[in-house]
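If you want the building blocks of each chain, they are given just below.
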Protein chains: 6
Amino acid sequence: MALFDLPLETLRTYAPPVHEPANFDAFWRGTLEEARAFPLDARFEEVDFGLRSLNTFDVTFRGSGGQPVKGWLLRPRNAGGDLPCVVEFIGYGGGRGLPTDWLTYASAGYAHLVMDTRGQGSVWRRGDTPDLAPDGDNPQYPGFLTRGVRSPQTYYYRRVFTDAVRAVAAARAAPGVDATRVAVAGGSQGGGISLAVAGLVPDLAGVLPDVPFLCHFRRASEITNAAPYNEVAGYLRVHRDAVEEVFGTLAYFDGVSFASRIHAPALFSVGLMDEVCPPSTVFAAYNRLPGRKDIRVYPYSGHEAGEGVHVPERLRFLRGLSGWAG
Amino acid sequence: MALFDLPLETLRTYAPPVHEPANFDAFWRGTLEEARAFPLDARFEEVDFGLRSLNTFDVTFRGSGGQPVKGWLLRPRNAGGDLPCVVEFIGYGGGRGLPTDWLTYASAGYAHLVMDTRGQGSVWRRGDTPDLAPDGDNPQYPGFLTRGVRSPQTYYYRRVFTDAVRAVAAARAAPGVDATRVAVAGGSQGGGISLAVAGLVPDLAGVLPDVPFLCHFRRASEITNAAPYNEVAGYLRVHRDAVEEVFGTLAYFDGVSFASRIHAPALFSVGLMDEVCPPSTVFAAYNRLPGRKDIRVYPYSGHEAGEGVHVPERLRFLRGLSGWAG
Amino acid sequence: MALFDLPLETLRTYAPPVHEPANFDAFWRGTLEEARAFPLDARFEEVDFGLRSLNTFDVTFRGSGGQPVKGWLLRPRNAGGDLPCVVEFIGYGGGRGLPTDWLTYASAGYAHLVMDTRGQGSVWRRGDTPDLAPDGDNPQYPGFLTRGVRSPQTYYYRRVFTDAVRAVAAARAAPGVDATRVAVAGGSQGGGISLAVAGLVPDLAGVLPDVPFLCHFRRASEITNAAPYNEVAGYLRVHRDAVEEVFGTLAYFDGVSFASRIHAPALFSVGLMDEVCPPSTVFAAYNRLPGRKDIRVYPYSGHEAGEGVHVPERLRFLRGLSGWAG
Amino acid sequence: MALFDLPLETLRTYAPPVHEPANFDAFWRGTLEEARAFPLDARFEEVDFGLRSLNTFDVTFRGSGGQPVKGWLLRPRNAGGDLPCVVEFIGYGGGRGLPTDWLTYASAGYAHLVMDTRGQGSVWRRGDTPDLAPDGDNPQYPGFLTRGVRSPQTYYYRRVFTDAVRAVAAARAAPGVDATRVAVAGGSQGGGISLAVAGLVPDLAGVLPDVPFLCHFRRASEITNAAPYNEVAGYLRVHRDAVEEVFGTLAYFDGVSFASRIHAPALFSVGLMDEVCPPSTVFAAYNRLPGRKDIRVYPYSGHEAGEGVHVPERLRFLRGLSGWAG
Amino acid sequence: MALFDLPLETLRTYAPPVHEPANFDAFWRGTLEEARAFPLDARFEEVDFGLRSLNTFDVTFRGSGGQPVKGWLLRPRNAGGDLPCVVEFIGYGGGRGLPTDWLTYASAGYAHLVMDTRGQGSVWRRGDTPDLAPDGDNPQYPGFLTRGVRSPQTYYYRRVFTDAVRAVAAARAAPGVDATRVAVAGGSQGGGISLAVAGLVPDLAGVLPDVPFLCHFRRASEITNAAPYNEVAGYLRVHRDAVEEVFGTLAYFDGVSFASRIHAPALFSVGLMDEVCPPSTVFAAYNRLPGRKDIRVYPYSGHEAGEGVHVPERLRFLRGLSGWAG
Amino acid sequence: MALFDLPLETLRTYAPPVHEPANFDAFWRGTLEEARAFPLDARFEEVDFGLRSLNTFDVTFRGSGGQPVKGWLLRPRNAGGDLPCVVEFIGYGGGRGLPTDWLTYASAGYAHLVMDTRGQGSVWRRGDTPDLAPDGDNPQYPGFLTRGVRSPQTYYYRRVFTDAVRAVAAARAAPGVDATRVAVAGGSQGGGISLAVAGLVPDLAGVLPDVPFLCHFRRASEITNAAPYNEVAGYLRVHRDAVEEVFGTLAYFDGVSFASRIHAPALFSVGLMDEVCPPSTVFAAYNRLPGRKDIRVYPYSGHEAGEGVHVPERLRFLRGLSGWAG
């Protein structure tokens, strides 16, 4: 994958104007209030997958519309006291899989809550949470990016971001978790969700988005053919009269707008040859963050960016957070 | 596309055993009764797309769950009396588009009702009918073939086939249509839907499935990688424990089983190099038909089969039906 | 297909210099005179394809070199009086097929003559007109774009454009056609032919080129690998010493040069992600038109551009022409 | 390229029935007589390409229809007396190029005449001989395999095989060539032409077809998608009613039928993973040869078969011919 | 990926004859003796990657030729007493990466030694062990499958399998490991290495090969084009005279031959749509095992087979081994 | 392949800064001295491949590390006196093959020595020279571009360039060669090696690099995905911390730096659509040459550039050298 986007020196200061609806904050305030009308009802049922050094819990809490959302909670066995917790969101198309898929943060001494992404988990890793779509939801281009996209109210990611904010609440209610020390993390779609949550939940300890998806939709839909951003172009190729309506909806969900609302310390990563989440869309969000932040640039990487090499970077970042050093 | 399936002489008598649930007929009787609880409420609103030789109507009727389903009705302008009517179903991923997309049957002197396929119409031709999915519907592999596939009750095509049976009722209620002379037609997914409708509606005048999809799912999922049958394999690659459950559901929707219930005269077409709907899956259904039938074999064709060359074949077949000669 | 060509705001005024031979008009005057030496000999034989609302005619007239060229004429049945007529040219590789392939304009109340493209019609829709190549015609790169390209006199499109000018004459001679109201139309290659005819025939009622091919050959051969423009590069990769000779020939056939000679009202369409006929080559022609003109821009479309959605646009444009409102 | 055709032990005796027209020999007798009506008019003009150890000549002779056909003649400089001569035919799409492209046989001490293939030479190596197509020649699928295929009289390879028979006559008339010692050779299309010539010219010294094309057209068109056999399937996909007519024509040009008429000693080569000229089509011809023959089987090769490694095999075979040992 | 290999019912008993050299055991006895001439010199240096629930060690031991081989050892922190140990080998192209890449077995309560594969680790996960090739090693096809393949003495996998046998010795020498309870595991190439080690080391507790590579080379090189088996065909395409020599070498390294020497309990896995390690090559080995064995068949999987879903299967199998229940 | 690199007018003066190590000349002086410690030991054994107009010799000489390197020497038979000699280097992945592969220069009247490239010759044309890698050589990305790349001392091309300088010495020691008239030539990798040799050997008669590889590695690794430059990016994608170290090594091997040291007359060629060796990397070297030079630009060519058409260009250039006119 050759370099196809802007050169690194331009990316460092790339700050394109992005349309932000006037009622952006009101929309999200209303959305989260609506969700709070349902009790959280977070449940943690211990399950045995043969992991002797960790405790594993099957998690269920009520997300958007009060619908049950699944997840896993892992915790180092025999860890005394309440632990800091990482809430993680998953990449596009995958589901929560099994606890054995999520050993890193608990092995590092933290609690770790992984949230299933509603409707996803049939393309690469199994998910267990349906997406009960409200009226007005489709037709859509196969996938999730245009599900309900004709209105911010019915858009799929309104439900996902709400679930994700509730997942933070569930983590704070979990046994053995210190509610004052919760960070959010995730790669690709998980990174995009992290940005949204960090823009909506004011008191997080940190945010770790890797190669975040869901940033600067318009540029993404113009410079890459790669899935899943291509779903927007695919939809608009057929629904030719809906261009402004669709981008009008997406403006409520753009990581660039969430980024300017994030005050928690942040660690990003980006691959300069990433055609899935082009580096300019990542920097468009990153450069907006007003607070403490850092980004690892992997120049010869595509969407895999730092992969396993970035794991110790993340653990080092967490250990540097106040009260996380263990 | 080289020949990759069975040779033609084998296809001519290919009749593989296909699992048919004991309560197949009861399931469909119940399904259609449930739908009849909602009034049909068929409406036909004349619209002007500049077609002076035809009348065009925007159609709405209530399908599965009472949900509004859209369509178009075309009729030769100034045709005296009630006309025979072709009800057509659409290929995978496309929607009803515009009346200008559907000129053939009306130009041939028939009424023509085209049914939108719920949820579809964002990949190649625009659709206007959402699919309001009931509880329990997903996660699914992107597309439609595994939507709600974990139970026959929630499976997507239960709703589609119900819509399609209701579309025949709507056609019969349409102005200027002779309710005793209705045939069903369609290519690919439209062909699969035609088979289902012709197996469920006893008094049709004819059925014209071209390269029908939705036949012998298990073989299809094993011999082709092509979309959209690959959605079944894709889903089962992730949901590894669901193989029998999924094929248990699909058995209620298999064109092979519907075929053995069809008594209307039938004209099929098939392409021997068709990797999308492999010829063996088409002949598996065709060979089951107990009644009058014929099939056009296009040996060097893929999924396009006869294309425009098959249109006069269809018109000739219709003119040969009792009372259709005009 | 990401955006790969110039941005829309640049395209709006894109007017690159294109080499136009000094004897461009003389060349074409001579070419058409030479053709007129043969009698037109237009014949219209009614055929029955089961279309009751239309009359269909098998058309033969003498084109370039006096060679018989085939076509179809369709006309709304029972239409009183002489009708306006659309003469349509076909996209690359296809032929006239069957009358059932061409229902739109006649259903809209117009006469419609479709011209077969000599030599074509074996790649996607059957053609019935050979191309009898004169001496000096090849070797060539497989296809049509370099057939006889070593001289304007022997170049393939010299014969095709001549046929097309004669097709307008044939339409004017057709029964039930008002010779004063003839428009030309076509997509891709058909659009390129339309531009040539409209530049050569002064008194047309309108010209409707969709995503026209055969415009600004040099730029096209440098910015796209897609067929069929890639035939020029393919030929020049082997015939390395023929670059200027080839572009010297193509300069006599460039839609950009024809465009500056068009005075009939025009409706174009273009897809901004079209790699087959890149948008800059389309705008290079469009921006040259001195007269009344409009262009529909489909931003997320490739070569399909507006597809069925553009049909009502065309009908609306035709109804707006003087005497076409019906 | 995995093994996709029959296993080697089956290939060794593979002898499928191939339709041979009753008037096969009469057709070719007539064709060659017709050609002989034109004087051969072979001319050899010495040219200097800087090759000091060889003499190189630009060749022109009159082929089918009396049309000039080009070629090169190479000869070791200072070789005393008349030499044996290899007449070589070229692979599909290429032309005669330059004398520097053809050094092997002359360096080995033989005269070497390379014949340009009419119409070809714009895809990979430049050709200089047009194909002046007679009336009735097209439409065709781009390429050469379906040019004039609707009748044996107009079929492209009727002209090519005639040229090739005349090339042997030209070689025999060349300065410094011993007319009693002429062999024919070629790879792919050149191998197919060699088979035809060796079946039509009774007194050749040898025939060396590598991976011959133009053998068992029907099987080839069914088991491979690779170019150029795919042109037959591509043509028949559009011209659906012409299947028997096309194979009826091709039966006059099938290397399998020519093979049974070859009495000169033969050396073949074949690649077992060759999707371009599948090994079963090669063995179908090879196994028919009644005389002395041998075949080199390259099991892990595709269409490249033996490449440079096969050159010494060919030279050894030639040295073994009577009077060729030098 | 459609089913392309034998059907499951045939695979269940597929037992093709595979050439086994008469001195197979002597060759390996000599090879391992030669290696034992070098001291093992196993070193375990604790490193900190921020994993608080585990101890992690940088491992170095002397493998084939006395050359240093790297690895990681992980162990649950605070586990009392000596633990059973899983020795794992890595898939083709990857290296040992970081300890954070290998958390499963230690989290399950076992010691875990991961061996770097010499020379590998530059395609997907970083390796740190060079392959110092002895004289006679190449030329080779890029990759590892033909490195030194012209003789069993110089073949690359002779060194790798020797390293792997030594890795078991290193594990047995590791602190906190119970030398009587060591199992070997790995996927793809790691599975192939596991088979070799289990055939060479008599007293292992278990062997867990997933989708093993390096089995039935000849069949693999004929039925799949996928990397890395394609390296054999690629090499033989160029080294045409080396077919028997190469398969003569590979016969000393075939998992099928090792399988018949394995007496430890075994758990295999296989994907029926796996083109990388075709299921028939896996069953060819599996069906040879004389002892206790089981295989998980993933019918709709390619080379990923059971992925994360197979992890609990492996842990359950290990807990069932004598003394591994914890 | 569309134009993807800089436009020709920019290329004509493109002279990017390229990092050149301060001890570049010292490094190479030391390297060549080290090689000279081994006797050249050039041997020329006549072999018979049936080429009667040429003498062919199997060549062996001692290259880097004193290791035997193979080659072929060809000479026009019966040429009186010592001849000028072309030393040729081979493209990536191929080997010396057979003498029958190398007839051009000897047929033109020159001696011709072809050097095998150590380790290569298993991808397209057989090689016979292993690469005995010193300690510290790997892991590497499959191929040759990153073999030993972590230090200039161990880098693969240090050995290759040394072999190549020695090949010139071998040519000068060959029977019938005039040691004062030696030129170097080669395409792609062979062109890159030619540049190095011409920069290291002061008294060459000429240098003929076609589409040279191994120039401006950093730009190449950023603008093309094509093999083999993609090996650098592939390696750095895994070895993320080695970017500067790797480019630090490559700086000792960059054709751009060698170019500025070349004083022999030069003839280059370049294809403007060459994605393998992008034209900007070729011009980066070409524009640096201080002496007499010329370049043939093939605008519509990819990596094949001039192919056979460029052969007479090369012969004409050679004839123009002092004492080469014959």
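Further up the page is the structure itself.
Residues numbered from 1 in each chain as written. Chains lettered and ligands numbered in written order. Predicted model: local features only at pLDDT ≥ 70, side-chain atom pairs only at ≥ 80, totals over all residues. Heavy atoms only, no water.

1. Re the relation of the copies chain C and chain D
So, point 1. For these two chains of identical sequence, chain C goes onto chain D by a turn of 180° and a shift of 0.0 Å along the axis, with RMSD 0.0 Å. Here the symmetry operator amounts to a two-fold rotation axis. Looking at the rotation axis and the C-alpha trace of chain C, the residue lying nearest is Pro142 of chain C, at 2.5 Å.
So, point 2. By residue overlap, the copies meet face to face through one surface: 100% of the interface positions of chain C are interface positions in chain D. (Least-squares fit on C-alpha atoms with pLDDT ≥ 70 in both. Contact = heavy atoms within 4.5 Å.)

2. A closer look at the interface of chain F and chain A
So, point 1. Taken together, the contact between chain F and chain A spans eleven residues of the former and 13 residues of the latter.
So, point 2. Summed over both sides, the interface between chain F and chain A buries roughly 920 Å², with carbon and sulfur atoms accounting for 55% of that surface.
So, point 3. Scanning the region where chain F abuts chain A turns up two salt bridges.
So, point 4. Across the salt bridge formed by Glu304 of chain A and Arg237 of chain F, the nearest N and O atoms sit 3.9 Å from each other.
So, point 5. At the level of elements, α6 (217-223), α7 (230-238) and α8 (243-250) of chain F are the ones that each hand at least two residues to the side of chain F that touches chain A. (Buried area = accessible area lost by both parts, 1.4 Å probe. Salt bridge = Lys/Arg side-chain N within 4 Å of Asp/Glu carboxyl O. Helix = DSSP H or I, 4+ residues; strand = E, 2+ residues; numbered from the N terminus.)

3. Quick look at the nonpolar core
So, point 1. Grouped together as the largest cluster of nonpolar side chains are 87 residues, with contacts concentrated most on Leu113, Tyr157, Phe161 and Val197 of chain C.
So, point 2. For this core, the element with the highest residue contribution is helix α4 (residues 156-172) of chain C, accounting for ten residues.
So, point 3. Once residues within four sequence positions are removed from consideration, Tyr157 of chain C is found in contact with Trp28, Tyr92, Gln120, Phe144, Leu145, Gln189, Phe213, Leu214 and Phe253 of chain C.
So, point 4. Core analysis: the second largest hydrophobic core is formed by 86 residues, Tyr92, Phe144, Phe213 and Ala264 of chain B among them. (Core = buried A, V, L, I, M, F, W, Y, C linked by side-chain atoms within 4.5 Å. Buried < 20%, exposed > 50% of the residue type's maximum accessible area, 1.4 Å probe, protein only.)

4. Some remarks on the relation of the copies chain F and chain A
So, point 1. Superposition of chain F onto chain A requires a rotation of 120° combined with a translation of 0.0 Å along the rotation axis, giving an RMSD of 0.0 Å. The superposition of one copy onto the other is thereby described by a three-fold rotation axis. Measuring from the rotation axis to each C-alpha of chain F, the shortest distance belongs to Phe4 of chain F, at 6.5 Å.

5. With respect to the sheet that holds strand β5 (residues 111-115) of chain A
Residue and element names in this part refer to chain A.
So, point 1. Strand order in the open sheet made by the nine strands is β1-β2-β3-β5-β4-β6-β7-β8-β9, with mixed pairing throughout. Two strands lie at the open edges of the sheet, namely β1 (43-47) and β9 (293-298), each paired on one side alone. On average, each strand axis in the sheet is tilted by 20° relative to the strand beside it, whichever way the strands run.
So, point 2. Sheet topology note: the strand β4 (residues 83-89)/β5 ladder contains four bridges and is parallel. If you follow Cys85 over to β5, its bridge partner there is Ala111.
So, point 3. The sheet contacts of helix α4 (residues 156-172) involve β1, β2 (54-62), β3 (68-76), β4, β5 and β6 (177-187), and relative to β5 the element is tilted by about 155°.
So, point 4. Against the sheet, helix α5 (residues 189-200) contacts β4, β6, β7 (206-210) and β8 (266-271), and its axis sits at roughly 140° relative to β6. (Pairing = 2+ DSSP bridges. Axes fitted to C-alpha atoms, helices over the stretch in contact; angles between N-to-C directions.)

6. Some remarks on the sheet that holds strand β1 (residues 43-47) of chain D
Residue and element names in this part refer to chain D.
So, point 1. If you walk across this open sheet you meet the nine strands as β1-β2-β3-β5-β4-β6-β7-β8-β9, and the pairing is mixed. Among the strands making up the open sheet, the edge pair consists of β1 and β9 (293-298). Across this sheet, the average inter-strand angle for adjacent strands is 20°, counted without regard to direction.
So, point 2. In the sheet, strand β2 (residues 54-62) pairs with strand β3 (residues 68-76) via nine bridges, with the strands oriented antiparallel. Considered in β3, the bridge of Arg62 is made with Pro68.
So, point 3. Most of the contacts of helix α10 (residues 279-286) go to strand β8 (residues 266-271), to which it runs at about 165°, and overall it touches β8 and β9.
So, point 4. Contacts between helix α11 (residues 310-319) and the sheet are confined to β4 (83-89), β6 (177-187), β7 (206-210), β8 and β9, with β8 contributing the most and set at about 165° to the helix.

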